[in-house]
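# Topology and contacts: notes
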Amino acid sequence: MLTKERENQVVELCRKLIMKQSYSGQEDGVAGALEEALKELGFDSVNVDKYGNVIGCIKGKRPGKKLLFDGHIDTVPVTDETEWKYPPFAAEIHDGKIYGRGTSDMKGAVAAFVSAAANFAQDTDRDFAGELYVAGVVHEECFEGVAAREISKAVCPDYVVIGEASTLNLKVGQRGRGEIVVETFGKPCHSANPEKGINAVYKMAKVIEAIRTLEPTNHPVLGDGILELTDIKSAPYPGASVVPEYCRATYDRRLLVGETKESVLEPLQKLMDQLMAEDPQLKVKVSYAVGEEQCYTGNKIQGERFFPGWLYDENEAFVQDVKKELEDMGYTPSITQYNFCTNGSHYAGEAGIKTFGLGPSQENLAHTVNEYIEIDQLTKVTDCYYGVMKALLK
Ligand SMILES: [Zn+2]
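In this text the structure is predicted, and so the values were computed from the model without any measurement. (Residues numbered from 1 in each chain as written. Predicted model: local features only at pLDDT ≥ 70, side-chain atom pairs only at ≥ 80, totals over all residues. Heavy atoms only, no water.)

Moving on, we get to the overall build of the protein. For the protein, the helix and strand inventory stands at nine helices and 21 strands. Here the protein has a C-alpha radius of gyration of 24 Å; the compact-globule value for 394 residues is 21 Å, and the two agree. Principal-axis analysis of the C-alpha atoms places the extent of the protein at approximately 80 × 45 × 35 Å. In the protein, the proportion of contacts linking residues at least 24 apart, taken out of those at least 6 apart, comes to 80%. (Helix = DSSP H or I, 4+ residues; strand = E, 2+ residues; numbered from the N terminus. Rg over C-alpha atoms; globule rule 2.2 N^0.38 Å. Contact = heavy atoms within 4.5 Å.)

When the charged atoms of two side chains with opposite charge come close together, those side chains can pair. A complete count under the given rule lists 24 salt bridges for this structure. One salt bridge connects K261 with E304, and the closest N-O pair in it is separated by 2.8 Å. Residue K261 is found in helix α6 (residues 261–278), and its partner E304 is found in strand β16 (residues 300–304); the two are separated by 43 residues along the sequence. Residue K261 is classed as partly exposed on the basis of its relative accessible area, which comes to 33%. We classify E304 as partly exposed; its relative accessible area is 32%. Salt-bridge contacts for E293 lead to R305; the nearest nitrogen and oxygen are separated by 3.8 Å. One end of the pair, E293, is in strand β15 (residues 290–294); the other, R305, is in the loop between β16 and β17 (306–307), and 12 residues separate them in sequence. Looking at R305, the relative accessible area reads 10%, which means it is buried. (Salt bridge = Lys/Arg side-chain N within 4 Å of Asp/Glu carboxyl O. Buried < 20%, exposed > 50% of the residue type's maximum accessible area, 1.4 Å probe, protein only.)

Time to look at the sheet that holds strand β5 (residues 97–99). Strand pairs in the sheet, formed through backbone hydrogen bonds, run parallel or antiparallel to each other. Pairing within the open sheet is antiparallel, and its three strands lie in the order β4-β5-β21. The sheet terminates laterally at β4 (93–94) and β21 (372–374), the two strands that pair on one side only. Of the pairings in the sheet, the one linking β5 to β21 comprises three bridges and is antiparallel in character. Looking across to β21, one finds that Y99 is bridged to Y372. Docked against the sheet, helix α3 (residues 103–124) engages β5 and β21, running at close to 50° with respect to β21. Where helix α9 (residues 375–392) meets the sheet, it contacts β4, β5 and β21, and its direction lies at approximately 65° from that of β21. (Pairing = 2+ DSSP bridges. Axes fitted to C-alpha atoms, helices over the stretch in contact; angles between N-to-C directions.)

This part covers the coordination of the zinc ion. Each protein donor to the zinc ion is listed here as H72 (NE2), D105 (OD), E164 (OE) and E164 (OE); together their distances run 1.9 to 2.5 Å. Because the angles between the four donor atoms bound to the zinc ion fall within 53 to 145°, the donor set is best described as irregular. If you list the donors of the zinc ion from N- to C-terminus, the spacing comes out as H-x32-D-x58-E. With a gap of 59 residues between them, D105 in helix α3 and E164 in the loop between β7 (159–162) and β8 (170–174) connect regions that are remote in the sequence. Classification of D105 as buried rests on a relative accessible area of 6%. (Donors = N, O, S within 2.8 Å, 3.2 Å for Na, K, Ca; no water. Tetrahedral: all angles 85-135°; square planar, octahedral: opposite > 155°, others 65-115°.)

Each assigned domain of the protein is listed here: domain 1 (4–175 + 309–392) and domain 2 (176–292). Residue-level contacts link 10 residues of domain 1 with 13 residues of domain 2. Here R177 makes a salt bridge to E144, at a shortest N to O gap of 2.8 Å. Counting the contacts that link domain 1 with domain 2 gives two residue pairs in polar contact (both at pLDDT 80 or more). Grouping the constituent residues of the side of domain 1 that touches domain 2 by class yields five nonpolar, three polar and two charged. (Domains from an automatic or database assignment. Polar contact = N/O pair within 3.5 Å; in protein donor to acceptor, adjacent residues only side chain to side chain. Nonpolar A, V, L, I, M, F, W, Y, C, P; charged D, E, K, R; others polar.)

Structural data, given as structure tokens:
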């Protein structure tokens, strides 16, 4: 367990990060605070990359593996401050909990692994094997895994720990997600003479019904590769007596292990080809949504919205080594999967790096009004991260 002094240190660092509001693309304040903390705590190097990710490193005296802790420093917005019991950026402490946006998702975890790394370096006098990296990552909330690509390029880690909420349990996988865009193209005309045009919305209605007949893919552990319609838009909008010439529908596709950009689109494309063969007036296109966001550094972050799933066997040596260390410390972690998408999508899903999740708090505290972190969870996870370092850097 942590000493009182170390407990205060992690609590104060967490509070400092909460007080810097940091919606996606506006992480400069929190990045600055994190950079400052890493320097004060004696990290060997502190770098900020082109997207604004903050990366700290402590090198052991002996050669060994590279261990990276990943935590995003952006948060979802507060929609109505008046709904909050305590102000969302004041990091007030009440009944053993720190309140504020980003406490559980996930500045608490960032404060914890930064503190744990400093504690570990101090206690071992850096006489450990390998290199310890901590990363405060931008733009995760709607672009998971994209800014992280820059970090794995810079660090080339052997292991990655995702600090997203897990109530101190180990998470060895997650479904990924893709955003699929379906577009139909018609021919505009006055709606008083609809036979002169092609109504793109009628065409889309047919397409949507056909898509509903597709069988979802399935994985014994991760479940169904769900494909769900999430929005639909026609143009011109409003129509004002015009037969719409364009319609666009977005689908959320949950991705299973091994599914690729190509394998996911293939059955949809086949179905569309079949529908177009049956109806010469139907023009339909299927593709991935492309996102582009501005970083606080001025650079743009861009990519197709396709974030793969991943899953490790719980009997993998690195998972078992960590589990055993935590059990020796008196913790009782279970091994399951995350129910949501994380930066693990890049590290494990794209880059094939050995990855697991371990974090404080229940995952359902994320994105809520009155979000908080229990100080008990915060100090315990700091202790657990220390255990991970012991298990993997020897
Ligand atoms: Zn998160």
